[in-house]
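# Structure at a glance
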Amino acid sequence: MSFIKKVPDISQENIDYKFPIDLVGLQDLRLPVRLTDKLSVLAKITLLVSLDNKDQRGIHMSRLYLTLFEEFSKKIVNFSSLKTALQKAIKSQKGDSSSGQIKLSADWPVIRKALKSSIKGWRNYPIYFQVDYSKNKSSFKYMAGGEVLYSSTCPCSTSLSAQIIKQDFEKKFSNSKTFNKKEVLSYLSDKSFLTATPHAQKSSAFFKLQLKESSKNRFSFLKLIDDIEKSLGTAVQTAVKREDEAEFAKRNAQNLMFCEDAVRRLAMLFNDKKDISDFLVRVQHYESLHPFTVESSISKGVKGGLKA
């Protein structure tokens, strides 16, 4: 008889606290996965299942790992492959589990072109897929989330800066009854005419979406990210030349926004998408004026809906 067979199976011992467990499993497991045919990344995966048998001391953790290893060594990550992995994980517990959750997080790298010039660079977008299954409801829930960075210029600060510049201009030309075009252009060409500048800051938009069952197979993270950046208008850049930075400054001036403005833009974007049954969007502006961050959030308000 082998040594292993002589050792008692601790998991089969009687337990004193007999409660079923809602979810138990692997948290933040690192595995290489394929996001597309040509793109592989290191992902962080959480896989949890219920332990319905109150007399069973624990689940078989290694079976969860092997399920993930086998599934994502072969398949591209999407909602279908996540659903299959979750089903197999629940089944691997031999009747002790009936519900579960799987979440896969990664940075999705995308090459982005500069606003005006021909240079390009990498942007990395944190995203995640999530699939939940509840035996009580006999249904799967498909969720997608992530973060997009953008720039936000304060409308109030811009208005105040414009007023200060106006007052300085009036003072400079207080004795002039008529304006000499050349003199005014010379004044505007000197950077010292900017006696005040509005404050801007890097900002983050976090989103969590619940997709309709019928739309899960056609969902595209890249299309969604493009729509978010278009809605906000001031996505952060990679490498830039002078013309790109000038265009970025111009776009910031044309897209002044408080955090309340940004979160409403995105709520409208998600609300208009027919494939989304519920959403939660949260934005944070990392203030350059104040020593704190400002935040705003909107959810669609579906009963029993998404939580942050």
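Please refer to the structure higher up on the page.
Quantities reported herein were computed from a predicted structural model and do not represent experimental measurements.

### Examining the sheet that holds strand β5 (residues 139-153)
- Read from one edge to the other, the open sheet built from eight strands follows the order β1-β2-β3-β4-β5-β6-β7-β8, with strand pairing classed as antiparallel. Looking at the sheet topology across the chains shown, the edges are occupied by β1 (21-34) and β8 (293-299). Neighbouring strand axes in the sheet, compared pairwise and without regard to direction, differ in orientation by 15° on average.
- Sheet topology places strand β4 (residues 120-134) next to β5; eight bridges connect them, and they run antiparallel. Counted as the bridge partner of tyrosine 133 is phenylalanine 140 from β5.
- Contacts from helix α3 (residues 79-91) reach β2 (40-51), β3 (100-113), β4, β5 and β6 (200-211) within the one sheet, and its direction differs from that of β4 by about 40°.
- The strands touched by helix α6 (residues 221-232) are β3, β4, β5 and β6; relative to β4, the strand with the most contacts, the crossing angle is about 120°.

### Regarding the packing of α6 against helix α8 (residues 259-271)
- For the pair α6 and α8, the least separation of the axes is 10 Å and the interaxial angle reads 140°. On the basis of their axis angle, the class for α6 and α8 is oblique. Crossing of α6 over α8 shows right-handed handedness. Mapping the contact onto sequence places Leu224, Asp227, Ile228, Ser231 and Leu232 in α6 and Ala262, Arg265, Leu266, Leu269 and Phe270 in α8.
- When its residues are assigned to classes, the contact of α6 with α8 shows seven nonpolar, one polar and two charged.

### Some details on the environment of serine 118
- Here serine 118 shows up in the loop between β3 and β4.
- We classify serine 118 as exposed; its relative accessible area is 59%.
- As for serine 118 and phenylalanine 279, which are separated by 161 residues in sequence, their C-alpha atoms are 36 Å apart.

### Side note on the environment of arginine 264
- With respect to the helices and strands, arginine 264 occurs in helix α8.
- Of the residues examined, arginine 264 reaches a relative accessible area of 54% and is grouped as exposed.
- Separated by 17 residues in sequence, arginine 264 and valine 281 place their C-alpha atoms 9.0 Å apart.

Rules used in this analysis
Residues numbered from 1 in each chain as written. Predicted model: local features only at pLDDT ≥ 70, side-chain atom pairs only at ≥ 80, totals over all residues. Heavy atoms only, no water. Pairing = 2+ DSSP bridges. Helix = DSSP H or I, 4+ residues; strand = E, 2+ residues; numbered from the N terminus. Axes fitted to C-alpha atoms, helices over the stretch in contact; angles between N-to-C directions. Contact = heavy atoms within 4.5 Å. Parallel < 35°, antiparallel > 145°, perpendicular 65-115°, else oblique. Left-handed = near helix turned anticlockwise from the far one by under 90°. Nonpolar A, V, L, I, M, F, W, Y, C, P; charged D, E, K, R; others polar. Buried < 20%, exposed > 50% of the residue type's maximum accessible area, 1.4 Å probe, protein only.

Purely geometric stuff here, so don't read any function into it on its own.
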